[in-house]
Amino acid sequence: MELLSTETKNKVLESMMKVIDKNRSQILQANQADLDAFEREDQALYDRLVVDNAKVDDMIKAVGQVREQADPVGKTISQRTLENGLEVVNQTAPFGTIMIIYESRPDVTIEAAVLAFKANSKILLKGGKEAIHSNKALVECWHEALKENGLSTNWIELFTLNRQETQAFLKNPSQKLDLIVPRGGEQLIAFVKEHAQCAVLVSGRGNNFAYVASDADWEQAKKVMINAKTHKISGCNALDKILVDKDLPGLESKLQDLEQVFTAYQVELLAGDKVLPYLTSAKKISSEDIWYEEFLALKACIGLVNGLDEAIGKINRYSGGHSSTILTSDKNKAARFMEQVDSAAVYHNASTRFTDGGQMGVGAELAISTDKLHHRGPLGLEQLVTNKYYVFGNGQIRE
């Protein structure tokens, strides 16, 4: 795709904001068709599918925020002149073509596309069949905005392939792919990794942990854990596992207090052998495998640990590398936890629900990356570029 000026890209985004608002009723009708066809056996998936007027407003806001952000392409990363006279400039450059594979969430159709387009990359949107009507309506908005500004609709394409067709495309793509981002569960990620022929950036798996240290402010810790678990169960930044220090003063009464509060929020508790005797409604953890599992449901595991080091070891063994929080009054203990826990985002006395581009000041995000290359954490506009070296000479040859 051609390199577009910042002015041209911003004009498209300005048009897009107006087009979304103008087509609001069509978008809501399309989403209702998806909701009517959805079998609500998966509440988290259903919640992510819903588009209402507030969600449409959020889409318009997301486009506006990206429009206001600086163009990430063509920024100088480094510049030096070598002894031989060569001038070497390293600049940010577009990826080229990005494919994102995602389930349920129609707002991804807006956020992923606006980021890719402002970063001067073409994007292929492979949404789930459960959101087909919503995604078609939103991509039609994109195409209208592109055409209004004299640009090809090829910048933003919607794929409606089934699983077999997607597999065939990944193995032998009909166009060059530079990056694939699977946003979803472990099965989707494994499927893409198995079949893709280009770079894959992993996103979406949570299984986030909280460690309640022996010196935690209990009321504060309880508030944080409730928010992290119940604020949005479909979020990849939701809390699933709680590790409580065995030396927490008043351990039994505090565990029972936590059980009572979680029960009021209809959270099902699973507990290890050391915790189970303190609780009345918790179920026994049947297998170690449960510690690896991301729930996306009103469910949480509670276990006891013997100090900070055991908590760190358990988190690094079982978590998805997404978000982890320590609840403690000791800043030194918090620093050790945050340095040694291998997660994209680590927190001290705060909810894991803040692992989000908008909440972290990044703005709209393509994904929350749990990979370490090329970027970790919220993948916003600034991170959605690669780099290129420009070398200027006057006849130099290597001896």
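What you are looking at is a predicted structure, and each value in this text was computed from that prediction instead of being measured. (Residues numbered from 1 in each chain as written. Predicted model: local features only at pLDDT ≥ 70, side-chain atom pairs only at ≥ 80, totals over all residues. Heavy atoms only, no water.)

Spanning 14 residues, helix α2 (residues 24–37) covers 20 Å between terminal C-alpha atoms, matching the ideal 20 Å at 1.5 Å per step. Looking at α2, one finds that the buried residues are Arg 24, Ile 27, Ala 30, Asn 31, Asp 34 and Leu 35. Around the axis of α2, the buried residues are gathered within 145 degrees of arc, so they sit on the same side. Opposite the buried face of α2, at more than 90 degrees from it, the exposed residues are Gln 29, Asp 36 and Ala 37. (Helix = DSSP H or I, 4+ residues; strand = E, 2+ residues; numbered from the N terminus. Expected span 1.5 Å × (residues − 1). Buried < 20%, exposed > 50% of the residue type's maximum accessible area, 1.4 Å probe, protein only. Arc of directions from axis to C-beta.)

The five strands are arranged β5-β4-β3-β6-β7 in an open sheet whose pairing can be described as parallel. Strands with a single pairing partner mark the edges of an open sheet, and in this sheet they are β5 (156–159) and β7 (199–200). Taken together, the five bridges between strand β3 (residues 97–102) and strand β6 (residues 179–183) define a ladder with parallel strand orientation. The partner of Tyr 102 across the bridge, within β6, is Arg 183. Sheet strands touched by helix α7 (residues 163–171): β3, β4 (122–126), β5 and β6. Its angle to β3, the strand with the most contacts, is close to 155 degrees. Sheet strands touched by helix α8 (residues 186–195): β3, β6 and β7. Its angle to β6, the strand with the most contacts, is close to 160 degrees. (Pairing = 2+ DSSP bridges. Contact = heavy atoms within 4.5 Å. Axes fitted to C-alpha atoms, helices over the stretch in contact; angles between N-to-C directions.)

Within the secondary structure layout, Lys 222 lies in helix α9 (residues 218–230). Contacts of Lys 222, omitting those with residues within four sequence positions, involve Asp 257, Leu 258 and Val 261.

Attention shifts here to the pairing of β5. Where β4 meets β5, four bridges bridge the pair, whose relative direction is parallel. Bridge pairing links Leu 125 to Leu 158 in β5. Crossover connection from β4 via helix α6 (residues 132–148) to parallel β5: handedness right-handed. (Right-handed = clockwise from strand over helix to strand, strands pointing away.)

What follows covers the packing of aromatic side chains. For any pair of aromatic rings, the description consists of the separation of the ring centres together with the inter-plane angle of the planes. Scanning the entire structure with this criterion turns up seven aromatic pairs. Between Trp 291 and Tyr 318 the ring centres are 6.2 Å apart and the planes differ by 35 degrees, which places this aromatic pair in the tilted class. Taken together, the residues Trp 291 in the loop between β11 (283–284) and β12 (299–305) and Tyr 318 in helix α11 (residues 308–318) connect sequence positions 27 residues apart. Each member of the pair Trp 291 and Tyr 318 is classed as buried. A connected cluster of aromatic rings, assembled from ring pairs, spans Phe 209, Trp 291, Tyr 292 and Tyr 318. Over the aromatic face of Phe 295 sits the side chain of Lys 241, whose NZ or CZ is 4.2 Å from the ring centroid. Over the ring of Trp 291 we find Lys 314; its NZ or CZ atom is 4.3 Å from the centre of that ring. (Phe/Tyr/Trp six-rings, centres within 6.5 Å; stacked < 30°, edge-to-face > 60°. Lys NZ or Arg CZ within 6 Å of the ring centre and 35° of its normal.)

So, about the pattern of salt bridges. Taken as a whole, this structure holds 22 salt bridges when the rule is applied. With its nearest N and O atoms 3.2 Å apart, the salt bridge here joins Glu 14 to Arg 67. Of this pair, Glu 14 sits in helix α1 (residues 6–22) while Arg 67 sits in helix α4 (residues 53–68), and the two are 53 residues apart along the sequence. On the basis of relative accessibility, which here comes to 34%, the residue Glu 14 falls in the partly exposed class. (Salt bridge = Lys/Arg side-chain N within 4 Å of Asp/Glu carboxyl O.)

A few words on helix α5 (residues 107–118). Taking 1.5 Å of rise per residue, the twelve residues of α5 would be expected to cover 16 Å, and the 17 Å separating its terminal C-alpha atoms lies within 8% of that figure. With twelve of twelve residues buried, α5 lies mostly within the body of the structure. Looking only at α5, the buried set comprises Asp 107, Val 108, Thr 109, Ile 110, Glu 111, Ala 112, Ala 113, Val 114, Leu 115, Ala 116, Phe 117 and Lys 118.

Relative to each other, α7 and α8 sit at 40 degrees, their axes nearing to 8 Å. Classed by the angle they form, the pair α7 and α8 counts as oblique. Only Phe 191, Val 192 and His 195 of α8 make contact with α7, whose side of the interface consists of Arg 163, Thr 166, Gln 167, Leu 170 and Lys 171. In the contact of α7 with α8, the residues fall into three nonpolar, three polar and two charged. (Parallel < 35°, antiparallel > 145°, perpendicular 65-115°, else oblique. Nonpolar A, V, L, I, M, F, W, Y, C, P; charged D, E, K, R; others polar.)

Counting through the fold element by element, His 133 comes out in helix α6. You can call His 133 partly exposed: its relative accessible area is 40%. Through-space distance from the C-alpha of His 133 to that of Ile 27 is 8.5 Å; in sequence the pair is 106 residues apart. Excluding anything up to four places from it in sequence, His 133 contacts Ala 30, Ala 33 and Asp 34. Engagement of the side chain of His 133 in a polar contact is seen with the side chain of Asp 34, the distance being 2.8 Å. (Polar contact = N/O pair within 3.5 Å; in protein donor to acceptor, adjacent residues only side chain to side chain.)

A few words on the sheet that holds strand β17 (residues 386–392). If you walk across this open sheet you meet the three strands as β1-β2-β17, and the pairing is antiparallel. Pairing within the sheet leaves two strands with one partner each, and these edge strands are β1 (76–81) and β17. On average, adjacent strands in this sheet sit at an angle of 15 degrees to one another, irrespective of strand direction. Relative to β17, strand β2 (residues 87–93) runs antiparallel, the two being bridged by seven bridges. Bridge pairing in β17 links Val 89 to Tyr 390.

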